[in-house]
Amino acid sequence: MSVSPVMACVALGANLGNAVATVQQALRDVANLPTTHLVKASSLYRSAPYEAQGPDFINAVVLVQTQLSALGLLHALQALELQSGRERPYVNAPRTLDLDMIFYGDVVLETPELSLPHPRWQARAFVLLPLTEVWPARVSAAQLAAVQDQAVEKLPYSDSFRASSI
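Residues numbered from 1 in each chain as written. Predicted model: local features only at pLDDT ≥ 70, side-chain atom pairs only at ≥ 80, totals over all residues. Heavy atoms only, no water.

1. Concerning the overall build of the protein
Operational definition: Strands here mean DSSP runs of E at least two residues long; helices mean DSSP runs of H or I at least four residues long; both are numbered from the N terminus. Exposure categories follow from relative accessible area, calculated using a 1.4 Å probe and restricted to protein chains: below 20% of the type maximum is buried, above 50% is exposed, and the middle band is partly exposed. Residues are treated as being in contact if the distance between any of their heavy atoms lies within 4.5 Å.
Secondary structure summary: the protein contains five helices and eight strands in total. For the protein, the sequential pattern of α-helices and β-strands runs β-α-β-β-β-α-β-β-β-α-α-β-α. With 166 residues in all, the protein has 46% of them scored as buried. Within the protein, contacts between residues at least 6 apart in sequence are counted, and of these 70% link residues at least 24 apart.

Next up, the structure:
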């Protein structure tokens, strides 16, 4: 179902295989979803698993303008996860690709399939730091201060990737 264009925010992460390449490909794939236009992509960040185990994650955040419905976008993101080999053996398992819709316009929604805004976005530095690059008005100093103990590192080469590869 197509709707009027909506600004949506998607967090990307991976910690299995070549996570940098996976997130870079996912940035391109999200930008190429039907009736969807990439507005802005953050740098890449490395973070320790949060409430999870396994290798460090590579994370990013993108803003897209889309005419997909919220559920249509969710299903498209889940299809991209499956294409990357995503499995869900248990909660917070290591993953080849994780795509989370953080915002879909100003929609507030709570269903078994989708919660908007994402219920834990404010508690995760790996979302807040890249979000400050693409949508700084959504992140307060107090929110950043609350997650300052979570180890997150901006990857030095990711700015050039954003400019040249998407």
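2. Let's talk about the nonpolar core
The cut-off we apply is this: We define the nonpolar core as a collection of buried residues of types Ala, Val, Leu, Ile, Met, Phe, Trp, Tyr and Cys that are connected through side-chain atoms lying within 4.5 Å of one another.
Within the largest apolar cluster, 34 residues are counted, with the highest numbers of intra-cluster contacts made by Leu 12, Val 30, Val 62 and Leu 99. Counting 15 residues, the second-largest nonpolar core is a separate cluster that includes Leu 63, Ile 102, Trp 121 and Leu 131.

3. Some details on helix H3 (residues 125-134)
Taken across its 10 residues, H3 has eight buried, putting it largely inside the fold. Among the residues making up H3, those that are buried are Ala 125, Phe 126, Val 127, Leu 128, Pro 130, Leu 131, Glu 133 and Val 134.

4. What about helix H1 (residues 19-31)?
Our working definition: Given a helix with a known number of residues, its expected span is that number minus one, times 1.5 Å. Within this analysis, the arc is defined by the directions that extend from the helix axis to the C-beta atoms.
In this model H1 runs 18 Å from its N-terminal to its C-terminal C-alpha over 13 residues, within 8% of the 18 Å that 1.5 Å per residue would give. Looking at H1, one finds that the buried residues are Ala 19, Val 20, Val 23, Gln 24, Ala 26, Leu 27, Val 30 and Ala 31. The buried residues of H1 occupy one face: seen down the axis, they fall within an arc of 160 degrees.

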